[in-house]
Amino acid sequence: MTTLRSRDIESLTEVEAAAELAALAAEIAHHDALYHGQDAPEISDADYDALVRRNRAIETRFAGLIRSDSPSRRVGAATAEGFAKSRHGEPMLSLNNVFSDTEFSEFCASIRRFLGLAPEEPLRFVGEPKIDGLSINLLYEDGVFVKGATRGDGTEGEDVTPNLLTIASLPKRLHAPFPARIEIRGEVFMDKAEFLAFRATQEQALADREARRARGEKLGDAIVVPANPRNAAAGSVRQLDPRITASRPLKLFAYAMGAASEPPADSHHDFLKRLEHWGFVVNPLSTMLDGEAAAAAFQRGMGDQRAVLAYDIDGVVYKLDRLDWQRRLGFVGRAPRWATAWKFPAEQATTVLQDIEIQVGRTGALTPRAVMQPVTVGGVVVRHATLHNEDEIARKDVRIGDTVILQRAGDVIPQILGVVLERRPADSVPFAFPTTCPVCGSHAIRDGEDVVRRCTGGLICAAQTVERLKHFASRRAMDIEGLGEENIQLLFDRGLVKSPADIFRLRDHRDALLALEGWGDRKVAKLLDAIEARRNVALERFIFALGIRRIGEQNAKLLARHYHTLAEWRERMIAAHVIGSEAREELGSIQGIGPAIAEELVEFFAEPRAVAALDDLVAQAPPLPAESAAASDSPFAGKTLVFTGTLETMTRDEAEAQAERLGAKVTKSVSKKTDFVVVGADAGSKATKAAELGLRILTEAEYRAMSGM
Ligand code: IVH
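Residues numbered from 1 in each chain as written. Predicted model: local features only at pLDDT ≥ 70, side-chain atom pairs only at ≥ 80, totals over all residues. Heavy atoms only, no water.

Topic: empty space enclosed by the protein
Rule in force here: Using only the protein atoms, space was sampled on a 1 Å grid; points where a 1.4 Å probe fits but cannot get out form cavities, open sets with protein on both sides within 12 Å along at least five of seven lines form pockets, and lining residues are those with an atom within 4 Å of a point. Grid points are joined across faces, edges and corners, and a volume is the space filled by probe spheres set on the points. Under the scheme used here, helices are H or I runs from DSSP no shorter than 4 residues and strands are E runs no shorter than 2 residues, and both carry numbers assigned from the N terminus. Residues are grouped as follows: Ala, Val, Leu, Ile, Met, Phe, Trp, Tyr, Cys and Pro are nonpolar; Asp, Glu, Lys and Arg are charged; every other residue, Gly included, is polar.
Tallied over the entire structure, the rule returns 1 cavity of 30 Å³ or more. Within this model, the largest cavity holds a volume of roughly 80 Å³. Elements that contribute at least two residues to the lining of the largest cavity include exactly α18 (553–563) and β22 (665–666). Examining the composition of the lining of the largest cavity, we find that 3 residues originate from one element, α18, more than from any other. The residue makeup of the lining of the largest cavity, split by class, is 4 nonpolar, 2 polar and 3 charged.

Written out as structure tokens, the structure is:
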């Protein structure tokens, strides 16, 4: 049954296509039954995927022949539970923001520094209006649209192919020539006018539904009235029924690519031209800009035009035009070094401060949060704002009852800029910041220079425990589906989950879960499945999930790459307790791990209860060892490298980033654990020490040759 058809779809007649679709429907249904029903597949996943893709490709060409029992309506399509997951060929990342000329200049300077360019070297950018819609990833194979997914967590999104097929401006086939396989990224959005009209129909539908409720009639599906065009676009793409998506006025602008079998252009500007040639709509305002001044002028021009554009924009994305420079610059964390979003100035409003709440975070930080009379700023209703910390409240002398000036920029949390003193009530008093934890009552103290007051309750503080659990299960950490903040709070309140390890013991408490209000068989089974699916995650995720102060995703990755296994990391962290020990030196020598971070790690491992909780967790859910090296065929994969002296053909930053891409660990100091020392001009003591230890010393030219540059 596994004949893989190879005939060119172009050459199929309609009759042949219909026959093949019928055969594919039967064949795929047969494999589905074997796979899901009997757990006994006859063919490989790759062969199965090929059948599914062939089916989709034929349907794309012969849309009129799509069968009611078509596999595309089931496979990868929505089920009652939601959408199938889809892994991106290359991660979908986000952008850093700048808000002013100065910050943009700093961005340009950092590019020049990294590439070692002279300050007067002009940088050519492409400026593209930044639409706040829904970013999607579109896979084309042999020029045919085969799969489309939302961004999701950046690595894996939701397969929304049938919905995307309904968008008119999404090309179903590309005009030749095209790479055999390419991912195209773009933004799905709704025009302002279309959004307002759509919202009006939703409001009407909601009013009708309320009227039915009043008459005691059947209600039908819930109705969502979207707050802004972004939500409207996102909600429309994530419909379980593609017919609903088809009825929504969605558009698409394409602007980037992901994985590709061959590079389609040398510059971003040429790439945009390719996109247009293939049949995509590229934002017509996208402009090539020679130099920083041209970019700044473009920014002002866009700001002036903003109000009259058909769609909402919140800034402009500037991308370095040369793709070879883009490749050299690469990424730091989740954002590229070669692009930035220059956001428009923040919008302001005034409102009354009703209360200052104190929240306790997972590291015990007491964070004040303003509760205000709701007010609209930049099209969004705002009720809460950050007040940062105790000193900030004192410095601005913000008091309950004050009229405050509020600012909201992009998607950052709104901020309180200051107080309108003329409107201060006569009886107001300065705000007294609490010195005890509002949750556990422990002393809350400030350590040395720290501006943050922290609860000293540690593991006994319920707020810290719950926040740590929420962090642990969250999407960027363990990513346990169905275990969001609300459910964690509920399970904690009911005494079912007190520590991360308890989550993995929930399977022994099925009855207690079933006893929770609204938790039926299906819901419990689904949650337990989701927990099982995350029992063994990558070490870097696991370390990040622990929620140790200052250990974000980036640092967790550095630690995982360096120590490889949990056992090694645990042992070395405990050994690092002794200042001056070899383990402490090693920790300090990891590129990117500074003394404050090292201190935090050592403190965590010095707390016996924290280590006990960790061991308990590991017994339940041991993480996988870190994968060595993205490019494992490089001679530097898994090796420890030190750069010293002045390099000639690249800057130190670039060399280090590049070595890391080849899978190397870059450290600052030379020790007997070092594998290679790359020596530039005027190298000092590190080169001498390397020679003494008999390490492998490379010149810059040797290093370049070995790394395949
Ligand atoms: S490029 C690595 N170009 O902004 C480059 N993004 O903050 C990643 N966006 O998730 C994105 N217009 O949803 C790019 N012309 C444009 C964009 C754009 C809007 C959104 C996109 C992305 C977010 C990043």
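After that view, the rundown keeps rolling.
Comments concerning the layout of surface pockets
For the second largest pocket, the calculated volume is near 1100 Å³. If you trace the second largest pocket, you find 39 residues lining it, with Thr363, Gly458, Gln464, Arg468 and Phe604 closest to the centre. If you list the elements that add at least two residues to the lining of the second largest pocket, you get β19 (444–446), β20 (453–455), α12 (462–473), α21 (595–606) and α22 (608–620). No other element matches α21, which puts 6 residues into the lining of the second largest pocket. Residues belonging to the lining of the second largest pocket are distributed by class as follows: 17 nonpolar, 8 polar and 14 charged.

Points about the sheet that holds strand β4 (residues 134–141)
What counts is decided by this rule: We call two strands paired when DSSP finds no fewer than two bridges between them. Interaxial angles span 0 to 180 degrees and are taken between N-to-C directions of axes, which are lines fitted to C-alpha atoms, for helices over the stretch in contact. Note on contacts: a residue pair qualifies if any of its non-hydrogen atoms lie within 4.5 Å across the two residues.
Read from one edge to the other, the open sheet built from 4 strands follows the order β5-β4-β7-β8, with strand pairing classed as antiparallel. The open sheet terminates on both sides in strands that have one partner only, identified here as β5 (144–150) and β8 (251–260). Averaged over all pairs of adjacent strands, the angle between their axes in this sheet comes to 30°, without regard to strand direction. Bridge count between β4 and β5: 6 bridges; the pairing is antiparallel. Within β5, the position partnered with Asn137 by the bridge is Ala149. In the packing of helix α8 (residues 268–278) onto the sheet, contacts are made with β7 (181–189) and β8, and the angle to β8 comes to roughly 115°.

Points about the confidence of the model for the protein chain
Put simply, the rule reads: Confidence scores labelled pLDDT are given residue by residue by the predictor and lie between 0 and 100.
When pLDDT is averaged along the protein chain, the result is 89, and 95% of the positions lie at 70 or above. This stretch, residues 75–80, has a pLDDT under 50; its non-local contacts, to residues over four places away or in other chains, come to 17 contacts.

A word on the site of the ligand
Operational definition: We define proximity as follows: a residue is near a molecule or strand when any one of its heavy atoms falls within 4 Å of that partner. Whenever a nitrogen or oxygen atom comes within 3.5 Å of another N or O atom, the pair is scored as a polar contact, on the condition that within protein one atom can donate a hydrogen and the other can accept it, and that pairs from neighbouring residues in sequence are kept only if both atoms are in side chains. Each accessible area value is a Shrake-Rupley result obtained with a 1.4 Å probe; residue values ignore everything except the protein chains displayed when judging cover.
Taken together, the neighbourhood of the ligand is formed by Leu93, Ser94, Leu95, Glu128, Lys130, Ile131, Ser135, Glu187, Tyr255, Val317, Lys319 and Pro336. The contact in question runs from an oxygen atom of the ligand to an N or O atom on the side chain of Ser135, over 3.4 Å. Summarising the interface, the protein chains cover 86% of the accessible area of the ligand, which totals 520 Å² for the free molecule. Put simply, the parts of the chain that give the shell around the ligand at least two residues each are β3 (124–131) and β10 (313–320). When residues of the shell around the ligand are assigned to their parent elements, the largest contribution, 3 residues, is made by β3.

Considerations on the environment of Asp47
We apply this condition: Remark: exposure states derive from per-residue accessible area (1.4 Å probe, protein chains only) relative to the maximum for the residue type, with buried under 20%, exposed over 50%, and partly exposed in between.
Following the sequence through the fold, Asp47 ends up in helix α2 (residues 45–61). Residue Asp47 is classed as partly exposed on the basis of its relative accessible area, which comes to 30%. Residues Asp47 and Phe271, spaced 224 residues apart in sequence, show a C-alpha to C-alpha distance of 32 Å.

A few points about the pairing of β5
Counting buried residues along β5, 6 of its 7 residues qualify, which places the element largely inside the surrounding structure. Counting the residues that bridge the hairpin from β4 to β5 gives 2 residues, and of these Asp142 lies at a positive phi of roughly 50°.

Re the pattern of salt bridges
Counted only if it meets this: A pairing counts as a salt bridge when a side-chain nitrogen of Lys or Arg comes within 4 Å of a carboxyl oxygen of Asp or Glu.
Here the structure, examined in full by the defined rule, presents 46 salt bridges. With its nearest N and O atoms 3.2 Å apart, the salt bridge here joins Glu600 to Arg550. In this pair, Glu600 is assigned in helix α21 and Arg550 in the loop between α17 (539–545) and α18, connecting sequence segments 50 residues apart. The buried category is assigned to Glu600, whose relative accessible area is 12%. For Arg550, a relative accessible area of 43% corresponds to the partly exposed category.

Description of helix α6 (residues 229–237)
Buried within α6 are the following residues: Pro229, Ala232, Ala233, Ala234, Ser236 and Val237. Buried residues belonging to α6 abut β4, α4 (161–164), β7, α5 (192–214) and α7 (242–246).

Focus: α12
Filter applied, for reference: Expected helix span is computed as 1.5 Å times (number of residues minus one).
For α12, built from 12 residues, the straight-helix expectation of 16 Å at 1.5 Å per residue is met to within 8% by its first-to-last C-alpha distance of 17 Å. When you tally the buried positions in α12, you get 9 out of 12 residues, the bulk of the element. The complete set of buried residues in α12 reads Ala463, Gln464, Thr465, Val466, Leu469, Lys470, His471, Phe472 and Ala473. The inward-facing, buried residues of α12 abut β14 (347–360), β20, α13 (485–493), α14 (500–505), α17 and α22.

A closer look at unusual backbone geometry
For the bond running from Ala176 to Pro177, omega is -5°, close enough to zero to count as cis. Relative to the helices and strands, Pro177 resides in the loop between α4 and β7. Residues other than glycine seldom take positive phi values, yet Asp479 does so here, at roughly 60°. Relative accessible area serves as the criterion here: at 16%, Asp479 is assigned to the buried category. Of note, Arg550 is a non-glycine position whose phi angle comes to about 70°, a positive value.

Quick word on the side chain of Asn137
Inspection of the secondary structure puts Asn137 in strand β4. Residue class for Asn137 comes out buried when judged on its relative accessible area of 5%. In this structure the side chain of Asn137 is engaged in a polar contact, spanning 3.2 Å, whose partner is the side chain of His88. Polar contacts involving the side chain of Asn137 include one to the side chain of Arg185, which spans 2.8 Å. The contact partners of Asn137, leaving out residues within four places of it in the chain, are His88, Met92, Lys147, Gly148, Ala149, Glu183, Ile184 and Arg185.

Things to note about the packing of aromatic side chains
In plain terms, the rule: Stacked, edge-to-face and tilted labels apply to pairs of Phe, Tyr and Trp rings (six-membered ring for Trp) whose centres lie within 6.5 Å, assigned for plane angles under 30 degrees, over 60, and everything in between, in that order.
This model, assessed by the stated rule, comprises 20 aromatic pairs. Judged by centre distance (5.3 Å) and plane angle (90°), the ring pair of Phe643 and Tyr703 falls under edge-to-face. One end of the pair, Phe643, is in strand β21 (residues 640–644); the other, Tyr703, is in helix α25 (residues 700–706), with 60 residues separating them in the sequence. Like Phe643, the residue Tyr703 is buried in the burial classification. Three or more aromatic residues joined by ring pairs make a cluster, and in this case those are Phe104, Phe107, Phe125, Phe298, Tyr318 and Trp342.

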